[in-house]
Amino acid sequence: MPFTHNLLLLKAHQGVIPTVLRDFGDMRVKIGFLLKHLKEFLTEAKGVKVAIDDADHGDDCDACVYLRNVALRLDNDLGLQAIHLGIATRLWENITHRDVVNAAETTDFLSLALSTRGILDSTFRSSLLYWKMDIRLYNKQLAESLDSLRKLKWSSMGAHLDDPALVAALDQFAALSNRLKQDSTLYADPQPTFKGKVDHFRKEDKVGLEAFFGECDEFYSALSDMVHGGTASMLSAVPPGPQIVLASDDLRFVASAHHLAELIGVTLVLAHKLLTMLYLPLLEFTLRHVEGAGTVAETVQAIASQARSRTQNLSF
Ligand SMILES: [Zn+2]
């Protein structure tokens, strides 16, 4: 019986028929705009990192320590956004060549799924840190990261982890139970899972983002399924055998290129929404509470509201 059941599911997986419903020319205009806009937007956001570094007084007061933590997060998060944008740009160029029949491959979908998962994860992770303003949450991130680093037995690593006080602190951290890692004097992690973080924001929602948080949750699950080898979406995107060649203006393509274009567009709009609706507003919130960082908070607000006004009613 289990094998018969498996056959039923397998056939369903392999029999998914791709459909093409959208206007490629229309997607082309939107994707072109989004790529250009996000590139400019990320360049502006990088300026915030410089401004935060400049707001540091150079001592080790609580405000400076907090700002250094925020700068570290921001650097990482913008890096992931830049990687996602780079992948989207390269994949888009790959399926818009003039003299060939454009097609997408399984690895194209996987790359995009990985990078989109990355920005979703880091946005919710950092947004919670910015929102909670509890240094213990940052401690947990840092200790976990350093503890993981020292577990890597690369010959080039580990030279900076010889400080006895640091080693003792990491040993202490590693020995803690998960419960104490999530709530103790030095460490806290109230929502360790992605879903937990999303649900936390859902509950705290005061700005009407409920539907958006729901979309993030569902999309993250779908992307995880792709990355973990769930083949249904992949097979529907890249069917085997001869295919119908479609055309739009000067481009020719098969269904897989069309599907990839749509996924590119959807993830670019998502990247934009994550930055303007969640990430930057909470970065601004956290900076407003740090002594001496008010001007940087103003800059963040200006960048976010300008980006929102340039992309009103953005959808894909
Ligand atoms: Zn200071």
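Residues numbered from 1 in each chain as written. Predicted model: local features only at pLDDT ≥ 70, side-chain atom pairs only at ≥ 80, totals over all residues.

> Summarise the nonpolar core; cite the residues concerned and give the values.
Grouped together as the largest cluster of nonpolar side chains are 62 residues, with contacts concentrated most on I95, L260, I264, L274, V296 and V300. Residue assignment for this core shows that the elements contributing at least two residues are α2 (24–55), α3 (62–94), α4 (106–132), α5 (135–151), α8 (194–204), α9 (210–227), α11 (255–288) and α12 (294–310). When sequence neighbours within four positions are dropped, the list of residues in contact with I95 reads N102, A104, F253, A257, L260 and A261. (Core = buried A, V, L, I, M, F, W, Y, C linked by C-beta atoms within 7 Å. Buried ≥ 20, exposed ≤ 12 C-beta atoms within 10 Å, placed from the backbone. Helix = DSSP H or I, 4+ residues; strand = E, 2+ residues; numbered from the N terminus. Contact = placed C-beta atoms within 7 Å.)

> Just give me the short version of the packing of α8 against α9, but keep the residues and values in it.
It is the contact of α8 with α9, at a shortest axis distance of 9 Å, that shows an interaxial angle of 170°. Classified by the interaxial angle, the pair formed by α8 and α9 is roughly antiparallel. Across the interface between the two elements, F194, K195, V198, F201 and R202 from α8 touch E210, F213, C216, D217 and Y220 from α9. Classifying every residue of the contact of α8 with α9 gives 6 nonpolar, no polar and 4 charged. (Axes fitted to C-alpha atoms, helices over the stretch in contact; angles between N-to-C directions. Parallel < 35°, antiparallel > 145°, perpendicular 65-115°, else oblique. Nonpolar A, V, L, I, M, F, W, Y, C, P; charged D, E, K, R; others polar.)

> Can you lay out the sheet that holds strand β1 (residues 101–102) for me, pointing to particular residues and giving the numbers?
Overall, mixed pairing links the 3 strands, which are arranged β1-β3-β2 in an open sheet. At either margin of the open sheet sits one strand with a lone partner, and together these are β1 and β2 (246–248). Pairing of β2 with strand β3 (residues 251–253), which is carried by 3 bridges, proceeds in the antiparallel orientation. Each bridged residue has a counterpart across the sheet, and for S248 the counterpart in β3 is L251. (Pairing = 2+ DSSP bridges.)

> Describe the environment of E144, with residues and values.
Residue placement: E144 occurs in helix α5. Owing to 16 C-beta atoms within 10 Å, E144 belongs among the partly exposed residues under this scheme. Between the C-alpha atom of E144 and that of L10, which follows or precedes it by 134 residues, the distance is 40 Å.

> Report on the domain arrangement of the protein, specifying residues and quantitative values.
One can read the domain layout of the protein as domain 1 (20–133 + 191–310) and domain 2 (135–187). Domain 1 and domain 2 are separated by 29 Å when their C-alpha centres are compared. Within the residue set of the side of domain 1 that touches domain 2, elements represented by two or more residues are α3 and α4. (Domains from an automatic or database assignment.)

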